[in-house]
Amino acid sequence: EPEVTQTPSHQVTQMGQEVILRCVPISNHLYFYWYRQILGQKVEFLVSFYNNEISEKSEIFDDQFSVERPDGSNFTLKIRSTKLEDSAMYFCASSEEGITSGSETQYFGPGTRLLVL
Amino acid sequence: QKEVEQDPGPLSVPEGAIVSLNCTYSNSAFQYFMWYRQYSRKGPELLMYTYSSGNKEDGRFTAQVDKSSKYISLFIRDSQPSDSATYLCAMSANTDKLIFGTGTRLQVFP
């Protein structure tokens, strides 16, 4: 069964460093998402991406964050200068179409646990 | 008031019990309602999806949406130890942005 994969599974970085989290969505999917989950808190939407551009972003997704689909298979989240409060589990998700187009299933990857020291 | 509220539990039930999980919400624009299951150290996995109000059944799982009360439920019949996980409700208005509840941790003991 096709699945979303994410690398690395764990990343430890120093405050102020740049990190890139990588995701390989399911191959025929067109919509891509990043969510994060701070330990003990709820899953929070960061950004959605379709047709090579951001379609929606939350207030969390400030100028420190960027997303890119550098080739036909990868989808990345870059955090330019990490802060302590960026420590969280980051989930990538993908879907065939958008919710309003009738595709309600967003498939989530296993997550990357980011720890900022 | 939080946009989506969900009792974090934990909820501990014996095998075979009927489990009821619930969420309330404040945004009347929500139209798409989902239940995700999340096992420890894994990503959320979609269990059930309902558009607007009504009931939906899939095997041992039943999802209910009452938009007038802004209340959604997930029922699990004949619960199994393998159902032990965190259950997340999620909702959306007319966008792909999912708003999640905090999740309810369920433990089904043999």
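Residues numbered from 1 in each chain as written. Chains lettered and ligands numbered in written order. Predicted model: local features only at pLDDT ≥ 70, side-chain atom pairs only at ≥ 80, totals over all residues. Heavy atoms only, no water.

Colleague: Quick one: what's the story with the sheet that holds strand 3 (residues 19–24) of chain A, residue by residue and with numbers?
Modeller: Residues and elements named next belong to chain A. In space, the four strands of this open sheet follow the order 1-3-8-7, with antiparallel pairing throughout. The outermost strands of the open sheet, each flanked by one partner alone, are strand 1 (5–7) and strand 7 (65–68). Ignoring strand direction, the axes of neighbouring strands in this sheet form an average angle of 20 degrees. Pairing geometry for strand 7 and strand 8 (residues 75–79), over four bridges, is antiparallel. Across the sheet, residue V67 finds its bridge partner in strand 8, namely L77. (Pairing = 2+ DSSP bridges. Helix = DSSP H or I, 4+ residues; strand = E, 2+ residues; numbered from the N terminus. Axes fitted to C-alpha atoms, helices over the stretch in contact; angles between N-to-C directions.)

Colleague: Explain the interface of chain B and chain A to me, and be specific about the residues and the numbers.
Modeller: The partner chain A presents 18 residues to the 20 residues of chain B that form the contact. Contact with chain A buries surface across chain B, with D96, K97 and F100 of chain B losing the most and accounting together for 33% of the total. On the surface where chain B and chain A come into contact, there are five residue pairs in polar contact (both at pLDDT 80 or more). Taken together, the elements giving at least two residues each to the side of chain B that touches chain A come down to strand 4 (32–38), strand 5 (45–51) and strand 9 (85–92) of chain B. (Contact = heavy atoms within 4.5 Å. Buried area = accessible area lost by both parts, 1.4 Å probe. Polar contact = N/O pair within 3.5 Å; in protein donor to acceptor, adjacent residues only side chain to side chain.)

Colleague: Would you mind going over the state of the cysteines in detail, with residue names and values included?
Modeller: As enumerated under the stated definition, the model contains two disulfides over all chains in all. In this model, C23 of chain A is linked to C92 of chain A through a disulfide, with the two sulfur atoms separated by 1.9 Å. Linking C23 of chain A and C92 of chain A, the disulfide has an S-S dihedral of approximately -60 degrees and is accordingly described as left-handed. On the criterion of sequence distance, the pair formed by C23 of chain A in strand 3 and C92 of chain A in strand 9 (residues 88–95) is long-range, its members being 69 residues apart. Note on accessibility: C23 of chain A and C92 of chain A belong to one class, buried. The disulfide that involves C23 of chain B links it to C89 of chain B, with 2.0 Å between the sulfurs. Judged by the sign of its S-S torsion, about -100 degrees, the cystine formed by C23 of chain B and C89 of chain B is left-handed. Placement of the pair is C23 of chain B in strand 3 (residues 19–25) and C89 of chain B in strand 9, with a sequence separation of 66 residues. (Disulfide = S-S within 2.5 Å. Buried < 20%, exposed > 50% of the residue type's maximum accessible area, 1.4 Å probe, protein only.)

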